[in-house]
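Summary of the model geometry
For reference, the chains in residue letters:
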Protein chains: 2
Amino acid sequence: MYATFKPAAQSVVMPENVARAQFPGAHLVVTYKGGRVIYAEGDSVDKCYQVCAGAVREYGLISDGRRQVVSFHLAGETFGFEAASKHRFFAEAIAETRIIVFARRPIQEHSPELLALALVGMKRAQEHLLVIGRQCAVERVAAFLMDLSDRLGGVRQLRLPMSRQDIADYLALTIETVSRAMTELKERKVIALRHVRTVDIIKPDALRSLCHRAALRS
Amino acid sequence: MYATFKPAAQSVVMPENVARAQFPGAHLVVTYKGGRVIYAEGDSVDKCYQVCAGAVREYGLISDGRRQVVSFHLAGETFGFEAASKHRFFAEAIAETRIIVFARRPIQEHSPELLALALVGMKRAQEHLLVIGRQCAVERVAAFLMDLSDRLGGVRQLRLPMSRQDIADYLALTIETVSRAMTELKERKVIALRHVRTVDIIKPDALRSLCHRAALRS
DNA sequence: CGCAATATTGACCCGCGTCAATTGTCGTGG
DNA sequence: CCACGACAATTGACGCGGGTCAATATTGCG
């Protein structure tokens, strides 16, 4: 069933762990416990963030409480810049997560890198549209697992930081359907579930072919 | 039904109409007939584009031919920049369309504006995800009409440049469902169809409330 | 006017959402 | 170590929204 969603209270979190990092501009390293809000819809956009360890979900809500996760951010990935001055989405740590926080103003000046990041963000969102828009449940889950594997450097064993609910809200499905799709992939021996949140990709080719992405012309 | 899709041949078009424009860097004004390909998947990314008049659809294909429109670009809007060096999507003129073409290299240098445009593109894609992911057919069509109206400056009479098929592929529906949704909005007297492609918004409030977007906190 | 392309409408059916029950996982305390 | 409770995930039964297929209507163009 659709889960009606309430973001956990409070969007300002006390740094539990502060350190310096290697990029220019003022920045901090902050550790968020799982479920903590990094920023909320309506917060002003004045920082950007890079994940050191852990994972982040970024999502929007519609008025009846349905949630749509628009992206997951894994270790090494950057997020938090938006066109408007107020955030349109929520960002939360999925599990305990260490994050570098940059002040946005000093970053803004030398923007070629920031531009590249924005373009990557847009590409991800558009690819996601193809998946959500035109693929069935099993294909969506397959695409999700492939994407995660690719972003982690092509590993065959995935440890999922997020719950089935998070995956469902990302793929615009329900937990039940995600679960059934997982079971089907398992029965087809495309994947194996070593543990509920630990997936072994047994047949990467079969998984990839389920993703239906058009072959790029040379 | 799902339409299986073949992009019209040829991705290089002879300029039918060339002129100078007001931005820095080498650029041309080109007129594309309806259906002409501006760039195709796999083409190298070396220009960016601004619509003078007309409209453009940008879309992806999956291997079985299903199409997903990821965005429409209207007069005044800019498109064509991507993270990779090869285009991931196709862009086509919907009807006869006049476009300013910028060489990308000279643009690249002073990128703050380009960054802003990329951020707008990302925001659009993410908002679109919310619609596709979590709203039913009538709501999607309502959101589509509202969005178009807003981008045209809040007009109440819309002339749709795109076909039902384009709308369907944008909203991840079928033409039949788009048609039924239009009929329902018409029967509820939320809109009126002056002509198949000319929509009058009779009850803007009703239309907006169908879009279910969470109210932004102040 | 006639033909082709586009849009609408209707009947049917299937994938996925809904609701409900069951199983599995993990943390805490005896 | 097991008992217990809370939560997460799985599985089953069923219904509905929207896809499929087909017929009809409308629009645009020569």
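Residues numbered from 1 in each chain as written. Chains lettered and ligands numbered in written order. Predicted model: local features only at pLDDT ≥ 70, side-chain atom pairs only at ≥ 80, totals over all residues. Heavy atoms only, no water.

As recorded by an unreviewed UniProt entry, chain A carries the name Nitrogen fixation transcriptional regulator FixK and is attributed to Rhizobium gallicum bv. gallicum R602sp.

Considering the overall build of chain A
Note the threshold: Here a strand is any run of E in DSSP of at least two residues, a helix any run of H or I of at least four, and the numbering for each starts at the N terminus. Buried means the residue's accessible area, taken with a 1.4 Å probe over protein chains only, is under 20% of the maximum for its type, while exposed means over 50%, and partly exposed covers the values in between. Residue contacts follow a heavy-atom distance rule, with two residues in contact if any of their heavy atoms lie within 4.5 Å. Only the protein chains shown count as cover for residues, and the accessible areas themselves come from Shrake-Rupley with a 1.4 Å probe.
Along its length, chain A carries 6 helices and 11 strands. Here chain A, with 218 residues, has 53% of them falling under the buried criterion. Partitioning the intrachain contacts of chain A with sequence separation of at least 6 by distance along the chain shows that 71% fall at a separation of at least 24. Accessible area of chain A: about 9700 Å², with a carbon and sulfur share of 56%.

Describing the interface of chain A and chain B
The accessible area lost on association of the parts is a frequent measure of interface size. Condition: Computed with a 1.4 Å rolling probe, the buried area is the accessible surface lost when two parts are put together, summed over both parts. Counted as salt bridges are all cases of a side-chain nitrogen of Lys or Arg within 4 Å of a carboxyl oxygen of Asp or Glu. Two N or O atoms count as a polar contact when they lie within 3.5 Å, although within protein this holds only if one can serve as hydrogen donor and the other as acceptor, and sequence-adjacent residues are included solely when both atoms are side-chain atoms. All amino acids are sorted into three groups, where Ala, Val, Leu, Ile, Met, Phe, Trp, Tyr, Cys and Pro are nonpolar, Asp, Glu, Lys and Arg are charged, and the leftover types, Gly among them, are polar.
At the interface, 53 residues of chain A touch 53 residues of chain B. Where chain A abuts chain B, roughly 4800 Å² becomes buried across the two surfaces, and 62% of that area is made up of carbon and sulfur atoms. Put simply, chain A and chain B have 4 salt bridges between them. Remark: the boundary between chain A and chain B carries 14 residue pairs in polar contact (both at pLDDT 80 or more). Those elements giving two or more residues to the side of chain A that touches chain B turn out to be β4 (55-61), β5 (67-74), α2 (112-134) and α4 (164-171) of chain A. Tallying contributions element by element places α2 of chain A first for the side of chain A that touches chain B, with 18 residues. Class assignment of the residues belonging to the side of chain A that touches chain B gives a composition of 25 nonpolar, 13 polar and 15 charged.

Focus: the packing of α2 of chain A against helix α3 (residues 137-151) of chain A
Residues and elements named next belong to chain A. Basically, it comes down to this: Axes here refer to lines fitted to C-alpha atoms; in helices the fit is confined to the stretch in contact. Angles between the N-to-C directions go from 0 to 180 degrees. An angle below 35 degrees is treated as roughly parallel, one above 145 as roughly antiparallel, one from 65 to 115 as roughly perpendicular, and anything else as oblique. Handedness of a helix crossing follows the sense of rotation of the near helix relative to the far helix, less than a right angle counterclockwise being left-handed and clockwise being right-handed.
With their axes 9 Å apart at the nearest point, α2 and α3 run at an angle of 155° to one another. By the angle class used here, α2 and α3 are roughly antiparallel. Remark: the crossing between α2 and α3 carries right-handed chirality. Between α2 and α3, the contacting residues are Arg124, Val131, Ile132 and Arg134 on the first element and Glu139, Arg140, Ala143 and Arg151 on the second. Of the residues in the contact of α2 with α3, the class split is 3 nonpolar, no polar and 5 charged.

Some remarks on the sheet that holds strand β4 (residues 56-61) of chain B
Rule in force here: Paired strands, in this sense, are two strands between which DSSP finds at least two bridges.
Taking strand neighbours across the sheet as the criterion, the 4 strands line up as β2-β7-β4-β5 (chain B) in an open arrangement whose pairing is antiparallel. Because the sheet does not close on itself, it has two edges, and the strands there are β2 (37-39) and β5 (67-73) of chain B. For this sheet, the mean inter-axis angle between neighbouring strands, taken without regard to orientation, is 30°. Where α2 of chain A meets the sheet, it contacts β4 and β5 of chain B, and its direction lies at approximately 130° from that of β5 of chain B.

Quick notes on the pairing of strand β3 (residues 47-53) of chain B
All names here are of chain B. Both β3 and strand β8 (residues 97-103) contribute to a ladder of 6 bridges, which runs antiparallel. Along β8, the bridge assignment pairs Val51 with Ile99. Sheet analysis places β3 next to strand β6 (residues 78-79), joined by 2 bridges and oriented antiparallel. Looking at the pairing, Gln50 lines up with Thr78 of β6.

Points about the environment of Arg140 of chain B
All names here are of chain B. Residue position: Arg140 is located in helix α3 (residues 137-151). Remark: the alpha-carbon pair of Arg140 and Cys211, spanning 71 residues in sequence, is separated by 7.3 Å. Setting aside anything within four residues of it in sequence, one finds Arg140 in contact with Val131, Ile132, Gln135, Leu171, Ala172 and Leu173. Within the structure, Arg140 has its side chain in polar contact with the backbone oxygen of Ala172 (distance 3.2 Å).

Brief notes about the relation of the copies chain A and chain B
Filter applied, for reference: Fitting of the copies onto one another was done by least squares over C-alpha atoms, counting residues only where both copies have pLDDT of at least 70.
Least-squares fitting of chain A to chain B yields an RMSD of 0.0 Å, with the transformation described by 0.0 Å of translation along the axis and a rotation of 180°. Expressed as an axis order, the relation between the two copies is that of a two-fold axis.

Describing the UniProt feature "domain: HTH crp-type" (unreviewed entry) in chain A
Convention followed: UniProt positions are given in the numbering used here, feature names are shortened, and annotations may be inferred rather than shown by experiment.
Per the UniProt record, "domain: HTH crp-type" (unreviewed entry) is found at residues 135-205 of chain A. Helix makes up 54% of residues 135-205 of chain A and strand 17%, and the two end C-alpha atoms of the span are 18 Å apart.

Quick notes on the packing of aromatic side chains
How two aromatic rings sit relative to each other is given by the distance of their centres and the angle of their planes. Note the cut-off: Working definition: rings of Phe, Tyr and Trp (its six-membered ring) pair if their centres are within 6.5 Å, and the pair is stacked with planes under 30 degrees apart, edge-to-face with planes over 60 apart, and tilted otherwise.
According to the stated counting rule, one finds 14 aromatic pairs over all chains in the structure shown. Relative to Phe79 of chain A, the ring of Tyr49 of chain A lies with its centre 5.3 Å away and its plane at 20°, an arrangement referred to as stacked. Of the two residues, Tyr49 of chain A is situated in strand β3 (residues 47-53) and Phe79 of chain A in strand β6 (residues 78-79); the sequence distance between them amounts to 30 residues. Phe79 of chain A shares its class with Tyr49 of chain A; the two are buried. Ring geometry for Tyr59 of chain B and Phe90 of chain B: centres 5.1 Å apart, planes at 15°, overall stacked. Taken together, the residues Tyr59 of chain B in strand β4 and Phe90 of chain B in strand β7 (residues 90-93) connect sequence positions 31 residues apart. Phe90 of chain B shares its class with Tyr59 of chain B; the two are buried.

Some words on the pattern of salt bridges
If the charged atoms of two oppositely charged side chains come close together, the side chains can form a pair. This model, assessed by the stated rule, comprises 32 salt bridges over all chains. As a salt-bridge pair, Lys123 of chain A and Glu127 of chain A come within 3.9 Å of each other at their nearest N and O atoms. With a gap of 4 residues between them, Lys123 of chain A and Glu127 of chain A both fall in helix α2, about one helical turn apart. A relative accessible area of 32% places Lys123 of chain A in the partly exposed class. Within the structure, one salt-bridge network assembled from shared partners comprises Arg57, Arg67, Glu92, Asp166 and Asp169 of chain A together with Arg134 of chain B.

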